[in-house]
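Next come the chains, spelled out residue by residue.
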Amino acid sequence: MSGRVFANCMLATMVDGGAPYGLVESGAVAVENGRIAWVGSAIDLPVAFKTWQLTDLGGALVTPALVDCHTHLVFGGDRSREFALRLGGASYEEIARAGGGIRSTVAATRAASDQDLLRSALRRVDDLLADGVAVIEVKSGYGLTIEHEMRMLRVARAIEQHRPVRILTTWLAAHALPPEYADAPDAYIDEVAIPGLRAAQAEGFVDAVDAFCETIGFTPAQVRRVFEAARDLGLPVKLHAEQLSDLKGAVLTAEFGGLSADHLEYLAISDVPRLAEKNVVAVLLPGAFFALRETQLPPIDALRTHGVAMAVATDSNPGSSPMSSLRLAMSMACTLFRLTPEEALAGATRHAARALGLGDEYGSIAPGKRAELAVWDAPHPDFLSYWIGGDLLRGRIAGGDLHER
């Protein structure tokens, strides 16, 4: 029996219950075959592990590697001009209805080569890796044809061949209507979103299914048909819900036992118990709230009171959340949504892993879980949300090895 022990560190295990952050002041982690074999106070390290190779972390803070559970990382072009329009008073809905918004990114994405899409995505992935991220969810939704939606997922999966990160892909063809289906949403669902999902699933490109349930997106009835197709294929669902209005998308997600409902600024307090009952994770996206200068806050107190797990993600995309820092999203979740720093870190680790169906593998430092950890130059876990920007990551523990930056 042999492995490796990482010691002389402060551990934020993020194990639910007990001390805040699951904190172990002078901790040690034993790792074997890429899995955590033991975790606790170094003074309690069992004799069986004392012969293993020892790595001294020099008093560093160690947390689970972060998980970004909602991104749109693969896209062409940018929408910096729309940023200026919004500053001039145009709303997100006005820009979208005038042919901007998602449609402009669709045109740029269709025109870009696979190489261009991958190259630009990797820049954003590198930003996330520098924030200690080990798992990233990537959605389609900027192709809006079967061919281009599948191409987006193919490019997203290729990221793993170039960077040390796990990628999960989500089918989001029901994101917006392309010009060729203007005013024909039901035909688009029947001819692109559902048959494309079946084709993508047959190719092994889909880990989950999402949709944009909104007045400028798709109706609950249309989303229901997509969800029914996903259920027939054995795929989990999630939803962009209640971002701009209350269409009861979160309730629909709960009905289907979805992984998560995301955004939720307009979620009715009376609907929060439905999320709790069905263990649907509430994914908070403060980057979009900030970039769109929204004022309607998600019902954080109600989510907290009912014990709904709250994840935090970047929503990295070219229009409504042009950022690629999960630590910044954590800080925004604290300052804008009034999460505590502990809730923000749980949102980017334990709850984010749950939102991807990976709670048994990632998100906390516990025996049996993957040894995917982030090593920080930070005096306390609070610091990760408190300090805005900067390079705090010292390295990552992945597969049982320490990879220093």
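What you are looking at is a predicted structure, and each value in this text was computed from that prediction instead of being measured.

> Any chance you could explain the packing of helix 4 (residues 114–129) against helix 5 (residues 146–158) here in plain terms?
The packing of two helices is summarised by the inter-axis angle and the distance between the axes. Look at helix 4 against helix 5: their axes get within 10 Å of each other, and the N-to-C directions meet at 50 degrees. The angle between helix 4 and helix 5 places the two elements in the oblique class. The interaxial crossing formed by helix 4 with helix 5 has right-handed handedness. Contact residues: helix 4 offers Asp 114, Leu 117 and Leu 118, while helix 5 offers Arg 151, Val 155 and Ala 158.

> Which parts of the structure should I look at to understand helix 5?
Turn by turn, an α-helix covers 3.6 residues, leaving residues three or four places apart pointing in a common direction. Across its 13 residues, helix 5 extends 18 Å between first and last C-alpha, which sits within 8% of the 18 Å expected from 1.5 Å per residue. All of the buried residues in helix 5 are His 148, Glu 149, Met 150, Arg 151, Met 152, Leu 153, Val 155, Ala 156 and Ala 158. Elements in contact with the buried residues of helix 5: helix 3 (102–111), helix 4, strand 6 (133–139), strand 7 (166–174) and helix 6 (185–202).

> How do you make sense of empty space enclosed by the protein when you look at a structure like this?
One water molecule sets the probe size; rolling that probe over the atoms shows where empty space is left. The full count for this structure, using the stated rule, is two cavities of 30 Å³ or more. The calculated volume of the largest cavity comes to roughly 110 Å³. Around the largest cavity, the lining comprises 13 residues; the ones closest to its centre are Tyr 92, His 175, His 240, Asn 317 and Ser 320. Taken together, the residues of the lining of the largest cavity sort by class into four nonpolar, seven polar and two charged. By volume, the second largest cavity is sized at about 40 Å³. If you trace the second largest cavity, you find it lined by Pro 64, Ala 65, Glu 361, Tyr 362, Gly 363, Ser 364, Arg 370 and Glu 372. Split by residue class, the lining of the second largest cavity holds three nonpolar, two polar and three charged.

> Please clarify how the sheet that holds strand 5 (residues 66–68) should be interpreted in this entry.
Two orientations exist for strands paired in a sheet by backbone hydrogen bonds: parallel and antiparallel. Pairing in this open sheet of four strands is parallel, and the strands run 5-6-7-8 from one edge to the other. Single-partner strands in this sheet number two, and they are strand 5 and strand 8 (208–211). On average, adjacent strands in this sheet sit at an angle of 20 degrees to one another, irrespective of strand direction. As judged from the five bridges shared by strand 6 and strand 7, these two strands associate in the parallel manner. Paired with Lys 139 across the bridge in strand 7 is Thr 170. Relative to the sheet, helix 6 contacts strand 7 and strand 8, its axis offset from that of strand 7 by approximately 155 degrees.

So, how was this worked out
- Chains are numbered independently. Their residues run from 1 in the order of the written sequence.
- The model is predicted, so local features are restricted to residues of pLDDT at least 70 and side-chain atom pairs to those at 80 or more, both for listing and for counting; the totals for chains, interfaces and linings are taken over all residues.
- Only hydrogens and water are set aside; all other atoms, that is, all heavy atoms of the structure, feed into the side-chain values.
- The convention used is that axes are lines fitted to C-alpha atoms, helices contributing only their stretch in contact, and that angles between N-to-C directions extend from 0 to 180 degrees.
- Runs of E in the DSSP output that reach at least two residues are strands. Runs of H or I that reach at least four are helices, and both are numbered from the N terminus.
- An angle below 35 degrees is read as roughly parallel, one above 145 as roughly antiparallel, one from 65 to 115 as roughly perpendicular, and any other as oblique.
- Left-handed describes a crossing whose near helix is turned anticlockwise from the far helix by less than a right angle; the clockwise case is right-handed.
- Whether two residues are in contact is decided by their heavy atoms: any pair within 4.5 Å suffices.
- A helix's residues, less one, multiplied by 1.5 Å, set its expected span.
- Summary of the burial criterion: residues with accessible area below 20% of their type's maximum are buried, those above 50% are exposed, and those between are partly exposed, where the area comes from a 1.4 Å probe applied to protein chains only.
- Site definitions follow a grid-based scheme: protein atoms alone, a 1 Å grid, a 1.4 Å probe that fits but cannot get out for cavities, and for pockets an open set with protein on both sides within 12 Å along at least five of seven lines, plus lining residues having an atom within 4 Å of a point.
- Grid points are joined across faces, edges and corners, and a volume is the space filled by probe spheres set on the points.
- Residues were grouped as follows: Ala, Val, Leu, Ile, Met, Phe, Trp, Tyr, Cys and Pro as nonpolar; Asp, Glu, Lys and Arg as charged; and all remaining residues, including Gly, as polar.
- Strands are labelled as partners when DSSP assigns at least two bridges between them.

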